[in-house]
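# Per-entry structural report
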Amino acid sequence: MKSIIPLGKLIAVGGNEDKGTYPNPRTRRKYYLNFFELGILKRIVLETGKADPRIEVITTASMIPQEVGPIYIGSFAMLNCHNVGIMDIRTPEDARQPECLERLMAADVIMFSGGNQSRLREMFGDSDFLDRMTQRYYAEPHFVIAGTSAGAMAMSHTMIRGGSVPDALLKGAVKIGVGLSLLPAAVIDSHFVKRGRFGRLIESVALHPKLIGIGLGEDTGVLITQGNLVETIGSNLVVIMDGHTIQHNNAAAAKKGTVLSIENVTMHVLAKGNVYDMHARKFYVSKEAQAAHALAHEAAVRSTVA
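Residues numbered from 1 in each chain as written. Predicted model: local features only at pLDDT ≥ 70, side-chain atom pairs only at ≥ 80, totals over all residues. Heavy atoms only, no water.

### Looking at the sheet that holds strand β10 (residues 220-225)
Overall, mixed pairing links the nine strands, which are arranged β3-β2-β4-β5-β1-β10-β11-β14-β15 in an open sheet. If you trace the sheet from one side to the other, it starts and ends with β3 (84-87) and β15 (282-284), each paired once. Across the sheet, the axes of successive neighbouring strands diverge by a mean angle of 20°, strand direction being ignored. The sheet contact formed by strand β14 (residues 275-277) and β15 spans three bridges and is antiparallel. Counted as the bridge partner of D277 is K282 from β15. Against the sheet, helix α5 (residues 98-106) engages β2 (55-58), β3 and β4 (109-112), with an angle of about 145° to β3. (Pairing = 2+ DSSP bridges. Helix = DSSP H or I, 4+ residues; strand = E, 2+ residues; numbered from the N terminus. Axes fitted to C-alpha atoms, helices over the stretch in contact; angles between N-to-C directions. Contact = heavy atoms within 4.5 Å.)

Put into structure tokens, the structure is as follows:
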């Protein structure tokens, strides 16, 4: 199935949500979905083609689902979307319940909240829930899978589980695991700029140079269509790291804790509306420019064949 072009859509959001803990209770504050104000939730709704789609929010990654769930319900309500449910799946057994599968099959949008991305793999890996969600993603043009923060990072097959920012670009600073495998061609990191995660995405790409690294700024997301075309949505930035041109690279052989030595990583910075083609590894200023290039290429191929 993975060689087939998916018809559905992925929307990965950099996030500005709580990670599930309050490091200092005295600084506890109310968390808002800032990306609502920037139109990302609106874009999620728009991509379904329905005015009031059925949305299921999965709060599994969060340790404070009782707070996160109502925020989503309220934010979607501001878009006049009231057909929203919360699926707080806490165990792999919960994910196997017939009710969960029925709700999955009836949904237009599945949205994963922030929290701990490893929990998503733990709960859904090798499950009927993941299999059916993946089947719908490949088969249905208006089916949307969205995720913020951890929910975005878990979309890829090669998933960043964590890593030390102070030790960035020392071998072993990034922890790699297996995600939900919806996006086999890329590895995603979130909260990218504010939390200084350039180093761990560079190491991820150096260890897996055939993948495209996608670093999501906060209040920013990407719409991924055809499993390949990455369009930036929101007001901040997205960083693309391409390891295909790497020459010298000691990432695989270096000992843990030693400095990485990497030559010729290609980086692009995408603002709202910019598009990156992961297969062709090309940057476009807009989706219109990408579409025009694709048409020109198709015409050139036809003329050559003729």
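### Thoughts on the environment of P184
Its place among the elements puts P184 in the loop between β7 (174-178) and β8 (186-189). Spatially, the C-alpha atom of P184 lies 16 Å from that of R136, the residues being 48 residues apart in sequence. Not counting residues within four places of it along the chain, the set of residues in contact with P184 comprises H157 and L211.

### Some points on the nonpolar core
Among soluble globular proteins, nonpolar side chains are generally buried collectively. Grouped together as the largest cluster of nonpolar side chains are 54 residues, with contacts concentrated most on F112, F124, F129, M133, I145, I188 and I214. If one sorts the elements of this core by residue count, helix α7 (residues 128-139) sits on top with five residues. Excluding residues that lie within four positions of it along the chain, M133 makes contacts with L104, I110, F112, F143, I145 and L182. (Core = buried A, V, L, I, M, F, W, Y, C linked by side-chain atoms within 4.5 Å. Buried < 20%, exposed > 50% of the residue type's maximum accessible area, 1.4 Å probe, protein only.)

### Here's the deal with the sheet that holds strand β13 (residues 266-270)
With mixed pairing, the four strands of this open sheet are ordered in space as β8-β9-β12-β13. Each edge of the open sheet carries a strand with a single partner, namely β8 and β13. Across this sheet, the average inter-strand angle for adjacent strands is 20°, counted without regard to direction. Alignment of β8 against strand β9 (residues 212-216), held across four bridges, turns out to be parallel. By the bridge assignment for β9, A186 is matched with I212.

### Examining a nonpolar patch on the surface
There is a patch of nonpolar side chains on the surface, built from V193, F198, M267 and V269 and spanning about 320 Å² of accessible area. Within the element layout of this structure, V269 appears in strand β13. Residue class for V269 comes out partly exposed when judged on its relative accessible area of 46%. (Patch = residues over 30% accessible without salt bridge, like charges linked within 9 Å, V, L, I, M, F, W, Y side chains within 5 Å. Areas by Shrake-Rupley, 256 points an atom, 1.4 Å probe, with all protein chains shown as cover. Salt bridge = Lys/Arg side-chain N within 4 Å of Asp/Glu carboxyl O.)

### Here we look at the packing of α5 against α7
Where α5 contacts α7, the axes come no closer than 10 Å and their chain directions differ by 10°. As far as their axial angle goes, α7 and α5 are roughly parallel. For the pair α5 and α7, the contacting residues are C100, L101, L104, M105 and A106 in the first and D128, F129, R132, M133 and R136 in the second. Looking at the contact of α5 with α7, its residues break down into seven nonpolar, no polar and three charged. (Parallel < 35°, antiparallel > 145°, perpendicular 65-115°, else oblique. Nonpolar A, V, L, I, M, F, W, Y, C, P; charged D, E, K, R; others polar.)

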